[in-house]
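# Residue-level structure breakdown
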Amino acid sequence: MVQTWWELFWGFFVANILGYGGGPASIPLMQEEIVNHYQWLTTEQFGDVLAISNALPGPIATKIAAFVGYQVAGWFGAFIASFATIVPSAVALILLLRLLNKYRTSPKVKGMTLLVQPVIAVLMILLTWEFGQVSTESIGIWQTLIIAGISLWVMTKTKLHPAILIVIAFAYGAFVLPHFM
């Protein structure tokens, strides 16, 4: 059990300490640790956890950590995974805030932050691609494209909060989709 606790700590620590920019940047790293490295969840299960985490208030990474930690090792696992997600970033923030504030106008610091953004974008695209593959395998290409198209239109053309869109998708999946499968 100590091995499992250590793996939980290390997996979430690595994903969140390297997740520059917070939740969105940490998600692909968490997915790598949770699904590919430790195989605690499948890609489909991770997508479900991510969707639920997006629909609930609060930081996404913390909710994912608590859920996966609980699934793997109960309440203490949830605590360890949450601790590994929150504390290293908080400590780093406290220690480095003054230094970053002092050099925030530095061309080198600006260059570092600008060059990290394309890497994060690629990670998010890969994560989206993997979720798209899982979706097409489970509900088919046409349903996936229709839902994706409607979601894109709603998010770009209306002011509907994404959490409401997620709840609508949950309801569609629970009440409408089973009649077509």
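The structure contained in this document is the topic of the report that follows. (Residues numbered from 1 in each chain as written. Predicted model: local features only at pLDDT ≥ 70, side-chain atom pairs only at ≥ 80, totals over all residues. Heavy atoms only, no water.)

## Describing the layout of surface pockets
Here the largest pocket is characterised by a volume of approximately 1600 Å³. Surrounding the largest pocket, 38 residues form its lining, Gly47, Ala51, Phe131, Ser135 and Ile147 being those nearest its centre. Looking at the lining of the largest pocket, the elements that each hand over two or more residues are α2 (23–37), α3 (43–55), α5 (107–139), α6 (141–157) and α7 (162–180). The element that contributes the greatest number of residues to the lining of the largest pocket is α5, accounting for twelve residues. Its residues assigned to classes, the lining of the largest pocket comprises 24 nonpolar, twelve polar and two charged. (1 Å grid on protein atoms, 1.4 Å probe; cavity = no way out; pocket = protein on both sides within 12 Å on 5 of 7 lines; lining within 4 Å. Points joined across faces, edges and corners; volume = space filled by probe spheres on them. Helix = DSSP H or I, 4+ residues; strand = E, 2+ residues; numbered from the N terminus. Nonpolar A, V, L, I, M, F, W, Y, C, P; charged D, E, K, R; others polar.)

## As for unusual backbone geometry
Located in the positive-phi region is Gln39, a residue other than glycine, with phi close to 55°. Of note, Gln39 is situated in the loop between α2 and α3.

## A closer look at the nonpolar core
If you look at the biggest cluster of nonpolar residues, it comprises 23 residues, and the most contacted ones within it are Phe12, Met30, Ile34, Phe46 and Ile64. Listing elements by their share of this core, those giving two or more residues are α1 (2–17), α2, α3 and α4 (60–103). Among the elements that take part in this core, α4 stands out by supplying nine residues, more than any other. For Phe12, the contacting residues outside a window of four places in its chain are Met30, Ile34, Trp40, Ile64, Ala65, Val68, Ala81, Ala84 and Thr85. (Core = buried A, V, L, I, M, F, W, Y, C linked by side-chain atoms within 4.5 Å. Buried < 20%, exposed > 50% of the residue type's maximum accessible area, 1.4 Å probe, protein only. Contact = heavy atoms within 4.5 Å.)

## Structural notes on the side chain of Ser82
With respect to the helices and strands, Ser82 occurs in helix α4. Of note is the side chain of Ser82, whose polar atom sits 2.8 Å from the backbone oxygen of Ala78. Apart from the residues within four sequence positions on either side, Ser82 is in contact with Thr62, Ala65 and Ala66. (Polar contact = N/O pair within 3.5 Å; in protein donor to acceptor, adjacent residues only side chain to side chain.)

## Quick look at α1
For α1, with 16 residues, the first-to-last C-alpha span of 22 Å sits near the 22 Å given by 1.5 Å per residue. Within α1, burial applies to Leu8, Gly11, Phe12, Val14, Ala15 and Asn16. (Expected span 1.5 Å × (residues − 1).)

Structural measurements only, silent on function.
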